[in-house]
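Read off the chains here:
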Amino acid sequence: MRSRTRSLALCLRRWLAPGRAPQTGTTATTRLRAAASTRAGLVLALLAAGCESADPSGLPPPPVFNLDVRGDTLFVALGPMGSVAVVDLDAWKVAGTLALSTKYQPHHLSVSPDRRRIGVGAPAIDLSGGHAGHTGHAADPAGGALYILDSQKGDVLAQGLPGGTAHNLAFVDDTRVGYALMESGRVVLAAAADLQPSAEVAVGAAPLEVSASSVGLLVANSGSGSISVVSPPGPDSTPPAVSATLPVGMNPIAAWLGSGNRAYVTSESDKKLIALALAERKAEPAVTLPGQPGQALEVGGPTGELWVALEDQGKTLVLGAADLAVKGEIVVGKKPHGLCLSARGYTVFLTDEADGRVYSIDVRTRAVLRSLYVGGAPNGIVFRAAL
């Protein structure tokens, strides 16, 4: 904003500079006064416009969408479109598309414990091509943006530029959020109300996703092949600290939370799946998958199933949640990626990055129930229960 103000001031200075040939006489004086008055008015208008377009975050003013979605709702990240689609599940239609940015691309989403807010991580890079190489999680000098959305109206409640690439925004509780900065290898804790940082801690190399679990924040360090367990600050202002570092696959993307103090790590580069026993701070033996994994979702608790989207296979693999043994597969979508579960646990929702669709799948029969075109390359997806 400062450089923009300087450019505007320079332009105005040149425009207001007096001409080389002075004018004399009553008529000339009147004309000069009228011109000066007109120019002064335009200057004030331009300065006002410049000030109104500024936001303390450095981003454009937060847009207002004023939706009214109170029933069961899906929020879907549309990365290359710079938007988030809002799906009314009762009507099975797109209730609105929240256009957030032309520069930053929403990637993964989260829901606050009170269900009133949606957290959005939006890197300045297209991640629909995968999580490695030039089309994946390569460092980008533009970093990314963070957004907190009102889950009923869709309005932007808070936004900010964190000073690096943050792939998601995790709610620690209703008042705090956490995110990882890939370039600097840090996890930052911030206020959920305004995204103002309050504490930070160093983790592994090139951290990507952050998940808020019962034992702390789980941070996927893609550059060091590990999961950092970060204990957030306590009520006595104890600073955050890394309480454990668990070795996993070559390029862990995230630790997807399950139940019963269990989480599941997907690793894109070596196509591995690793279960974490969080209470014991232990990584179980890795399982090799038949394709490149996207998200993983536990269905039916720790004795139920684990669904894993295989992006390069056009299918979702169904495993036993306890032993990770293959139980079946569901052929759906061209490039399945994101998964989430309905409140009652009867329906799974899946995004297809290649075809711009969201699918609903019956958990018991594994049948695809219906699909909905949302546009773009839908990536992360979350379910928000009715308010």
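Student: I would appreciate a short explanation of the nonpolar core in the present structure.
Tutor: Note that soluble globular proteins tend to have their nonpolar side chains buried in a common cluster. Counting residues in each nonpolar core, the largest one holds 20 residues, and the members touching the most others are Leu100, Leu109, Val120, Tyr147 and Leu149. Of all the secondary structure elements, the ones that give two or more residues to this core are β1 (73-78), β2 (83-88), β5 (117-123) and β6 (144-150). For valine 120, the contacting residues outside a window of four places in its chain are Val84, Leu100, Pro106, His108, Leu109, Ala145, Leu146, Tyr147, Leu149 and Leu169.

Student: I tried to follow the pairing of strand β7 (residues 156-160) on my own but got confused; where do I start?
Tutor: Successive residues of a regular strand alternate their side chains across the two faces of the sheet. Among the five residues in β7, four count as buried, and that is most of the element. From the end of β6 to the start of β7, which pair antiparallel, there are five residues, and glycine 154 there has a positive phi angle of about 85 degrees.

Student: It is not clear to me how the sheet that holds strand β9 (residues 176-181) should be interpreted in this structure. Could you clarify?
Tutor: In sheet architecture, strand pairing relies on hydrogen bonds along the backbone and comes in two forms, parallel and antiparallel. The four strands are arranged β8-β9-β10-β11 in an open sheet whose pairing can be described as antiparallel. On the outer flanks of this sheet lie β8 (170-171) and β11 (197-202), each paired with one strand and no other. In this sheet, β9 lies alongside β8 in antiparallel orientation, the contact comprising two bridges. Opposite alanine 170, over in β9, you have glycine 178 as the bridge partner.

Student: Please clarify how the side chain of aspartate 352 should be interpreted in this entry.
Tutor: Locating aspartate 352 in the fold gives a position in strand β26 (residues 347-352). Buried within the structure, aspartate 352 lacks any salt-bridge partner; lysine 334 is the closest side chain of opposite charge, at an N-O distance of 6.7 Å. Side-chain polar atoms of aspartate 352 contact the backbone nitrogen of lysine 335, separated by 2.8 Å. A polar atom in the side chain of aspartate 352 sits 3.1 Å from the backbone nitrogen of alanine 354. Setting aside its immediate chain neighbours within four residues, aspartate 352 contacts Gly333, Lys334, Lys335, Pro336, Arg357, Tyr359 and Pro378.

The rules we used
- Along each chain, the written sequence defines residue order, and numbers are assigned to residues from 1.
- Per-residue local features of the predicted model are confined to residues with pLDDT of at least 70, and side-chain atom pairs are confined, for both listing and counting, to 80 or more; whole-chain, interface and lining totals are unaffected and use all residues.
- Only hydrogens and water are removed before side-chain values are computed, so all heavy atoms of the structure are retained for them.
- For this analysis, a nonpolar core means a set of buried residues of the types Ala, Val, Leu, Ile, Met, Phe, Trp, Tyr and Cys, connected via side-chain atoms within 4.5 Å.
- Under the scheme applied here, a residue whose accessible area is under 20% of the maximum for its type counts as buried, over 50% as exposed, and between as partly exposed, the area being computed with a 1.4 Å probe on protein chains only.
- The numbering of helices and of strands both runs from the N terminus, where a helix is a DSSP run of H or I of at least 4 residues and a strand a run of E of at least 2.
- Contacts: residue pairs with any heavy atoms within 4.5 Å of one another.
- We call two strands paired when DSSP finds no fewer than two bridges between them.
- In this tally, Asp and Glu contribute negative charge and Lys and Arg positive charge; neither His nor the terminal groups of the chain are included.
- Each salt bridge in this description consists of a side-chain nitrogen of Lys or Arg and a carboxyl oxygen of Asp or Glu lying within 4 Å of one another.
- Contacts described as polar in this section are N or O atom pairs within 3.5 Å, which, within protein, must combine one atom able to donate a hydrogen with one able to accept it, while residues neighboring in sequence count only if both atoms come from side chains.

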